[in-house]
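The primary structure of each chain is shown beneath.
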Amino acid sequence: MLDEKAKKIMLRKIPHGLYICGVNNGGELNGFTASWLMQASFQPPLIVNCVRKDSTSEQMIKASGVFAISFLEDGQKDLAQKFFKPISRVGNKFGDVEFYLTETGCPIISNSLGYVECNVVDLVEKGDHTIYVGEVIAAVVHREGKQLLLETTGWNYGG
């Protein structure tokens with residue numbers, strides 16, 4: 001039998017950075033706070049991005065085949081919090097956020113540490129998240145800094 005309390009405690013010990021995943025589908029922009037992200041391969045450079053199935057952004061990634069990840073700096077908790085909210089409740093999340101578009105049209109947070117841009121090369125639809133495998137096609141460093149981590153915010157997402 002699975003001990004639910006132990007499962008939650010142990011799964012929350014997996015370290016997570018906080019990122020803004022920017023998406024563009026036919027000129028419609030959106031973004032969300034991502035935390036289930038990891039590097040998966042050196043050659044080719046691949047990352048795994050897990051996206052909640054019932055989200056607008058998940059449908060946009062599936063349709064467009066691209067996404068970009070802006071790396072947040074420690075101290076940008078307010079920005080991460082802004083992008084946690086669904087577009088259906090808050091509307092344009094980029095309305096008061098300085099951003100620019102990548103070559104594929106994905107929005108990048110201007111004052112982030114930098115970004116990677118990916119083409120989707122595979123996906124797995126299991127559970128309540130879709131697992132997207134993205135091949136990194138571009139990477140830019142805006143500046144050096146310490147990465148924003150979920151554990152430093154006092155939030156829990158997982159378990």
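Quick notes on the rules
Residues numbered from 1 in each chain as written. Predicted model: local features only at pLDDT ≥ 70, side-chain atom pairs only at ≥ 80, totals over all residues. Heavy atoms only, no water. Buried < 20%, exposed > 50% of the residue type's maximum accessible area, 1.4 Å probe, protein only. Helix = DSSP H or I, 4+ residues; strand = E, 2+ residues; numbered from the N terminus. Pairing = 2+ DSSP bridges. Axes fitted to C-alpha atoms, helices over the stretch in contact; angles between N-to-C directions. Contact = heavy atoms within 4.5 Å. Salt bridge = Lys/Arg side-chain N within 4 Å of Asp/Glu carboxyl O.

**Some points on the pairing of strand β1 (residues 19-25)**
Here's step 1: The buried fraction of β1 is high, at six of seven residues.
Here's step 2: With seven bridges joining them, β1 and strand β2 (residues 28-34) adopt antiparallel strand pairing. The residue of β2 that forms the bridge with Val23 is Asn30.
Here's step 3: Between β1 and the antiparallel strand that follows it, β2, lie two residues; Gly26 among them carries a positive phi value of about 65°.
Here's step 4: Sheet analysis places β1 next to strand β5 (residues 66-71), joined by four bridges and oriented antiparallel. Bridge pairing links Ile20 to Ser70 in β5.

**Concerning the sheet that holds β2**
Here's step 1: Spatially, β2-β1-β5-β8-β9-β4-β3 is the arrangement adopted by the seven strands of the open sheet, whose pairing is antiparallel. What marks the edges here is a single partner per strand, and that holds for β2 and β3 (37-41). Each neighbouring strand pair of the sheet contributes to a mean axis angle of 35°, computed without reference to strand direction.
Here's step 2: Where helix α3 (residues 77-84) meets the sheet, its contacts fall on β1 and β2, and the angle it forms with β2 comes to roughly 120°.

**Regarding the pattern of salt bridges**
Proximity of charged atoms lets side chains of opposite charge pair with each other.
Here's step 1: Within the structure shown, the criterion is met by six salt bridges.
Here's step 2: Note that Lys7 and Glu4 form a salt bridge whose closest N and O atoms lie 3.2 Å from each other. Placement of the pair is Lys7 and Glu4 together in helix α1 (residues 4-11), with a separation of three residues, close to one helical turn.
Here's step 3: Looking at Lys7, the relative accessible area reads 25%, which means it is partly exposed.
Here's step 4: Its salt-bridge partner being Glu58, residue Lys62 comes within 3.4 Å of it at the nearest N-O pair. On the criterion of helical spacing, the pair formed by Lys62 and Glu58 is a turn pair, its members being four residues apart in helix α2 (residues 56-64).

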